[in-house]
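Here is how the chains run, residue by residue.
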Amino acid sequence: MNCILDALPYRVARNQTNGRAEKGLAMKHVIVVGAGQAGASCVARLRAKGFDGQITLIGEEPFPPYQRPPLSKAYLLGEMERDRLYLRPESFYVEQVITLRLGTPVTSIDPVEQTLTVGDDVLHYDDLVLTTGSTPRRLPAAIGGDLDGVMVVRGLQDVDAMAPRFAKGARVLIVGGGYIGLEAAAVAAKLGLSVTLVEMADRILQRVAAPETSYYFRQVHSKHGVDIREGVGLDHLTGAEGRVTGAVLSDGSTVEVDFVLVGVGIVPNTQLAEMAGVEIDNGIATDAQGRTSDPHIWAAGDCASFPLNGQQMRLESVGNAIDQAECVADNILGSDRPYEAKPWFWSDQYDVKLQIAGLSTGYDKIVTRHGEDGVVSFWYYAGDQLLAIDAMNDPRAYMVGKRLIEAGKSPAQDAVADPATDLKALLKA
Ligand code: FAD
C-alpha cells in the first residue's frame, strides 16, 4: 500500500480549508514522521482541535497506523483479524484531509530549510513531529543472532512471518522475561508448543515489577508447562545449514529449538533527529511541552524523552504515545501546556489481565490486597506515598488505584490490605 492515499487528500485540502489556498494564503504544513500510535494520535488531535492547514503523516511500514499490543497477544494467537489492528479506517484520513504517505522512510531532515526527504521528494514543513518509535534489540551475529529462525516481535510483518512456526509440538526458546517475552510464551504454550524461557536477571519482570508480580507470573506460566529459567542467560545459539537448532545457556545446559524469539528490550529510533542535529538524551530530548532543541521539531511516543522527576524519561506504552502526541498537537496549536504523564499499561497472559497504573520507581513497600474470586493486586508505596499498582484480574482495584495515584492520594496501607475495605470508599477519604 505504497502512498495509496497520497493524491486525494491534497485535492480535498484545497477545497476544505476555507479557501485559503485559492486566496493565495500560505497553508501551514505539519508533517508527522512515523505512522504508528503516536503519529496517528497527533494528526487526529490536530484536526479535532480545528487545525485547518495541511497535514502529512509519513510511515515506512506499508500499513496505515495500527496497534501493536495485540501482536504478542490475540493477533499472534490467531484470535484477531488484521483489520481490527488498524487504529482508524482509511476513510478517516481521507475525510479528515490527512495525507498518508506509506511504505517509504524519511531519510533526512534539513532543519535550516525546514525540509525533509522522503523517497525522491523534498517536502517543506512549518512544524515537524517525530514519532519514529523504537527498534527491538537483536542478538549479535557472533552468538548466532543472524541464524534463520531467530526473530523479534515488533511489527505486523514480523508476526505474519513467525505465525506459521507456532505449530503444536514445535520447540521455542524465548530470550528475555519481560512483558513481550512472557506474552509470547503464553501464546506459544496455549498453542501447544514446548516453551523454554531464559531470563538472565534473578527473576522475570525484574526491571519493571516487584518480586510479588514476578512470582505470580512465574506460577501462572509454570502451571501451563513453560520452563522458566531465571538467572540464566543465553551463551550462544547453534545452527545447521544457517538455521537455528539449539542454544547453549550460561549455566552450560543446552536446549534443542526450532525457533527463537528475542525480547530483550528496545532502543528509541533517534537516527533522523541525530542527523538533524537535534539533542538526544535517552531518546529525542524534548522539553515539558514536547518541543525538541529545534523550535520547529517536536517528538512524542517511544522515541521521545521528556523531563520527569529531574531526568529525561521515556515511557514505552500506548497510553504515553497517545497522551504525549495529543499534548504536542495542542502545543503546535499554541496551548503551551506541559505534558503530565499518567502512566498506565496492561498485559494479557492466558486468562490473566494485568493492569498497571503509576510508576513504581523508588518504592520500598508492597501492600498485597486479595479480592473476591482469587484476584489480587499489589500496591507500591514509598513511605506513606502510593506510587503504583499492579492488578491481576481486578479492574476495580486498578481503577481505584489509578484514580488515587492521579489525584496524589495515598490511602492507609492497612485499609488497602483489608479485603473488607470498600475500594471506592478509599477515593472519598
Ligand atoms: P510505533 O507505534 O512503533 O510507531 C512508530 C512508527 O514509526 C513505526 O511504524 C516505524 O516504522 C515508523 N518510522 C520509524 N522511522 C521512520 C522513518 N524514518 N520514516 C518513516 N517512518 C518511520 N504498550 C502498552 O501500553 N500495552 C501493551 O500491552 C503493549 N504491548 C506491546 C506488544 C508488542 C508486541 C509491542 C511491539 C509493543 C507493545 N506495547 C504495549 C508498546 C506500544 O505498542 C508502544 O509503546 C507504542 O506503539 C509506541 O507508539 P509510537 O507511535 O511511539 O511507536
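Caption draft 1: Focus on the state of the cysteines. Taken as a whole and assessed by the stated rule, the structure comprises 0 disulfides. We note that C303 lacks a disulfide partner, and the nearest cysteine sulfur, in C42, lies 11 Å from it. When its relative accessible area of 0% is taken as the criterion, C303 is described as buried. Free of any disulfide, C327 has its nearest neighbouring cysteine sulfur in C42, separated by 10 Å. Residue classification places C327 among the buried residues on the basis of a relative accessible area of 1%.

Caption draft 2: How the structure looks around the pattern of salt bridges. For the structure on display, the rule yields 18 salt bridges. In this structure, D302 engages R154 in a salt bridge whose closest nitrogen and oxygen atoms are separated by 3.2 Å. Here D302, found in the loop between β19 (297-299) and β20 (304-308), pairs with R154, found in the loop between β9 (150-152) and α5 (156-162); they are 148 residues apart in sequence, far enough to count as distant. Here the two residues D302 and R154 agree in accessibility, since each one is buried. The shortest N-O distance in the salt bridge between E230 and R218 comes to 2.7 Å. Residue E230 is found in strand β12 (residues 227-230), and its partner R218 is found in helix α7 (residues 211-223); the two are separated by 12 residues along the sequence. Relative accessible area serves as the criterion here: at 22%, E230 is assigned to the partly exposed category. Its relative accessible area of 21% is what places R218 among the partly exposed residues. Ionic contacts of the salt-bridge type, sharing partners, join the residues R45, E326, D330 and R337 into one network.

Caption draft 3: Representation of the pairing of strand β26 (residues 385-392). Across the 8 residues that make up β26, a large majority, 7, are buried. With 5 bridges joining them, strand β23 (residues 352-358) and β26 adopt antiparallel strand pairing. The residue bridging I356 from the neighbouring strand is D390, located in β26. Where strand β25 (residues 376-382) and β26 come together, 7 bridges link them in antiparallel fashion. Paired with V376 across the two strands is M392, which belongs to β26. Where β25 folds back onto β26 in an antiparallel hairpin, the turn is made up of 2 residues, including G383, whose phi is positive at roughly 60°.

Reading the values: the criteria
Residue positions within a chain follow its written sequence, with the count starting from 1. Given that the model is predicted, a residue must reach a pLDDT of at least 70 before its local features are reported, and side-chain atom pairs must reach 80 or more before they are shown or counted; all residues, however, enter totals for whole chains, interfaces and linings. Hydrogens and waters are ignored; side-chain quantities use all the structure's heavy atoms. Disulfides are defined as cysteine sulfur pairs within 2.5 Å. The classification of residues rests on relative accessible area computed with a 1.4 Å probe and restricted to protein chains. Under 20% of the type maximum is buried, over 50% is exposed, and intermediate values are partly exposed. Within this document, salt bridges are pairs made up of a side-chain nitrogen of Lys or Arg and a carboxyl oxygen of Asp or Glu, the two lying within 4 Å of each other. Secondary structure elements are taken from DSSP: a helix is a run of H or I of four residues or more, a strand is a run of E of two residues or more, and numbering for both begins at the N terminus. What makes two strands pair is DSSP finding at least two bridges between them.

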